[in-house]
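# Analysis of the macromolecular model
Chain residues, written in single-letter form:
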Amino acid sequence: TFEKTKRVVEKNNKFTMTKPNKVSKRQYYKELENSLVTPSPFGIGEVCYRDFESFFSGSLLFKANMDQIITWPNLYIDGETYISHKWDFSDFDEKLDDILTHPDQYEDIANEGQRRFRAVLTDGKGFAKHFYEMVH
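Okay, so let's go over this structure.

The next point concerns the nonpolar core. With 13 residues, the main nonpolar core has Val37, Leu60, Phe62, Ile83, Leu96 and Ile99 as its most contacted residues. When residues of this core are traced back to their parent elements, those giving at least two are α1 (2-11), β2 (60-64), α4 (92-101) and α5 (107-121). At four residues, the largest contribution of residues to this core is made by α4. The contact partners of Phe62, leaving out residues within four places of it in the chain, are Val37, Thr38, Pro39, Ser40, Ile83, Ser84, His85, Phe92, Lys95, Leu96 and Ile99. Among the nonpolar cores identified, the runner-up in size contains seven residues, and Phe55, Leu61, Met66 and Tyr76 belong to it.

This is how it looks when you write it as structure tokens:
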């Protein structure tokens, strides 16, 4: 993913890509807040911390399609809260290039992902209801 991302970013001279160096947690969050897009390959599972960090920071989450994954809350709504690419990465370059070429067209999606994520953090009643439904 890094090499694919690097190739696309290099074609768009308006943007830069942070080198994969080790940075402090504070610097990492600062870089995320200043990032237009966060490519997020699967980690040990489909959902990973990077997704939540992307939502929290307001960076556009760009990840393999999550339609088959059931989560609560459902933060993975393609075209509403994140942008998906195919699992085989066959459309990765094209979609990332579009994001970098037309960033204003994706701003509302990044903002909506952030809004929904932050709303969930303070929705104690929603969590309690979901938990109750799971155990009864």
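We are not done yet, so read on.
All right, on to the side chain of His85 then. Structurally, His85 can be placed in strand β3 (residues 83-85). The exposure class assigned to His85 is buried, which follows from its relative accessible area of 3%. Discounting residues that sit within four places of it in the chain, His85 has contacts with Phe62, Lys63, Ala64, Asn65, Asp91, Phe92 and Lys95.

A few words now on the sheet that holds strand β1 (residues 37-39). Strand order in the open sheet made by the three strands is β1-β2-β3, with parallel pairing throughout. Because the sheet does not close on itself, it has two edges, and the strands there are β1 and β3. Strand after strand, the sheet turns through a mean of 25° between neighbouring axes, direction not considered. In the sheet, β1 pairs with β2 via three bridges, with the strands oriented parallel. Of the residues in β2, the one forming a bridge with Thr38 is Leu61.

The rules we used
- Numbers given to residues run from 1 along each chain, matching the order in which its sequence is written.
- In keeping with the model being predicted, local features are shown solely for residues with a pLDDT of at least 70 and side-chain atom pairs are shown and tallied solely at 80 or more, while totals for entire chains, interfaces and linings include all residues.
- The basis for every side-chain value is the complete set of non-hydrogen atoms in the structure, without hydrogens or water.
- Only buried Ala, Val, Leu, Ile, Met, Phe, Trp, Tyr and Cys residues count toward a nonpolar core, and they belong to the same one when joined by side-chain atoms within 4.5 Å.
- Three exposure classes are used, based on accessible area relative to the maximum for each residue type with a 1.4 Å probe and protein chains only: buried under 20%, partly exposed in between, and exposed over 50%.
- Under the scheme used here, helices are H or I runs from DSSP no shorter than 4 residues and strands are E runs no shorter than 2 residues, and both carry numbers assigned from the N terminus.
- Any two residues whose heavy atoms approach within 4.5 Å at even a single point are treated as in contact.
- Strand pairing is assigned whenever DSSP detects at least two bridges linking the two strands.
- Lines fitted to C-alpha atoms define the axes here, with helix axes fitted over just the stretch in contact, and angles between the N-to-C directions of these axes take values from 0 to 180 degrees.

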